[in-house]
Amino acid sequence: MTQRPRRPYREALTFSLCGLTLSFSIQRQLLAPPCAAVRSPPSMSTHSQTAHCSSWDGLAARELDRNSWRQLTRNEIPAVVIRGFATAEECSRLVERAQAIGFEAYEKVDPPIDRIGATVFEHEGPDVSTYFGKAEHFRGLQSAIFSQSFSPLERLMSRLRESVGVPVQIAADPKHGTYGAGLIRRIENGTLLHIDFAPAEQPAWWVAQVEAQLAWNLYLELDPENPGKTYVYERPWRPEDQLRKIPGTYGYEPSLVEGVKKYELRPTLGDVYIFNTRNFHQVDPSGGRRTTVTSAIGTLPDERIVLWS
């Protein structure tokens with residue numbers, strides 16, 4: 001397979017803010033185009049690997065298949081869904097075991113979010129060794145939880161291989177080891193408006209080479225009346241948006257998405273939803289327990305799909 005050469009270049013950006021001039025540069029090789037669409041892998045398209053900027057085709061999640069996956073990575077649709085991914089009994093057993101092991105809160109996150117697992121988000125910066133040590137410990141906890149029911153991670157990777165037809169694996173850094181993947185998480189108090197996009201947030205990490213970044217969530221436990229909707233906006237992150245980030249938080253100013261088209265994801269028990277997390281998104285508070293299994297999904301230039309948390 002012949003890849004088109006990727007020629008890196010740096011783009012200088014200058015802004016004026018409160019009388020000050022701010023300048024910085026972005027290495028465009030690592031970032032997808034501002035529309036958040038990415039080059040499609042060669043095996044998925046007969047067209048050249050060029051960036052495509054287009055509006056969402058509707059506001060509904062589509063069933064996972066090869067075509068919907070391509071559309072999602074190119075930001076042409078808001079989400080894909082795998083209905084009936086797990087039974088209510090399978091979900092209940094996972095929740096029971098996770099509760100017995102116990103959740104911990106994300107560090108320095110408000111509103112609070114609880115999780116079992118290690119996250120790149122909590123280890124941003126050049127010191128990656130601490131993260132990989134925690135990821136190794138988490139694999140033991142994860143195995144103990146999944147052994148009581150089934151492995152959502154393995155089932156998802158299998159479904160992706162079958163539906164998309166490309167290699168799927170957990171991300172691994174040649175120098176540091178295998179990433180963690182498959183958090184068990186509770187978001188019950190909502191979130192700030194934010195993105196998840198490694199090329200922008202973790203540029204020194206191995207996963208920063210992904211061309212598109214998505215997230216999957218399997219919903220294990222939900223309040224039937226108010227399950228906590230996720231809102232995904234048709235507004236991808238751009239480098240200049242860093243000036244609109246709220247100091248001391250992971251969130252961005254809500255004005256960034258005023259008047260922007262949005263997809264309302266109302267979670268359903270046992271189903272998996274996947275969406276493009278370079279788009280700004282946020283979660284509403286729920287009326288009760290809201291437990292998921294989740295991780296990031298990235299597409300690489302060589303067609304592989306990788307997962308990490």
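Up top is the structure.
Described below are features of the structure shown in this document.

How each quantity is defined
Residues numbered from 1 in each chain as written. Predicted model: local features only at pLDDT ≥ 70, side-chain atom pairs only at ≥ 80, totals over all residues. Heavy atoms only, no water. Core = buried A, V, L, I, M, F, W, Y, C linked by side-chain atoms within 4.5 Å. Buried < 20%, exposed > 50% of the residue type's maximum accessible area, 1.4 Å probe, protein only. Helix = DSSP H or I, 4+ residues; strand = E, 2+ residues; numbered from the N terminus. Contact = heavy atoms within 4.5 Å. Pairing = 2+ DSSP bridges. Axes fitted to C-alpha atoms, helices over the stretch in contact; angles between N-to-C directions. Salt bridge = Lys/Arg side-chain N within 4 Å of Asp/Glu carboxyl O.

### Quick notes on the nonpolar core
Next, step 1: Among the nonpolar cores identified, the biggest contains 36 residues, and Trp216, Ile297 and Leu307 are the most heavily contacted of them.
Next, step 2: Among the elements that line this core, the one with the most residues is helix 4 (residues 152–164), at 5 residues.
Next, step 3: Here Ile297 is in contact with Trp69, Leu156, Leu160, Ala212, Gln213, Leu214, Trp216, Ile274, Ile305, Val306, Leu307 and Trp308, once residues within four sequence places are set aside.
Next, step 4: Formed by 17 residues, the second largest nonpolar core is a distinct cluster that contains Ala171, Tyr179, Val210 and Val306.

### Let's talk about the sheet that holds strand 13 (residues 262–265)
Next, step 1: Within the open sheet, the 3 strands sit side by side as 13-12-15. Their pairing is antiparallel. Across the chains shown, the open sheet's two edge strands, defined by having one partner strand only, are strand 13 and strand 15 (279–283). Sheet twist, expressed as the mean angle between neighbouring strand axes with direction ignored, is 20°.
Next, step 2: As paired elements, strand 12 (residues 230–236) and strand 13 share 4 bridges and run antiparallel to each other. Within strand 13, the position partnered with Tyr233 by the bridge is Lys262.

### Thoughts on the pattern of salt bridges
Next, step 1: Taken as a whole, this structure holds 18 salt bridges when the rule is applied.
Next, step 2: The salt bridge partner of Glu90 is Arg155, with a shortest N-O separation of 3.0 Å. Of the two residues, Glu90 sits in helix 2 (residues 88–101) while Arg155 sits in helix 4, which places them 65 residues apart along the sequence.
Next, step 3: Under the relative-accessibility criterion, Glu90 is labelled buried at 14%.
Next, step 4: Note on Arg155: relative accessible area 27%, which makes it partly exposed.
Next, step 5: Residues Lys261 and Glu234 are paired through a salt bridge, measuring 3.6 Å at the closest nitrogen-oxygen approach. Taken together, the residues Lys261 in the loop between strand 12 and strand 13 and Glu234 in strand 12 connect sequence positions 27 residues apart.

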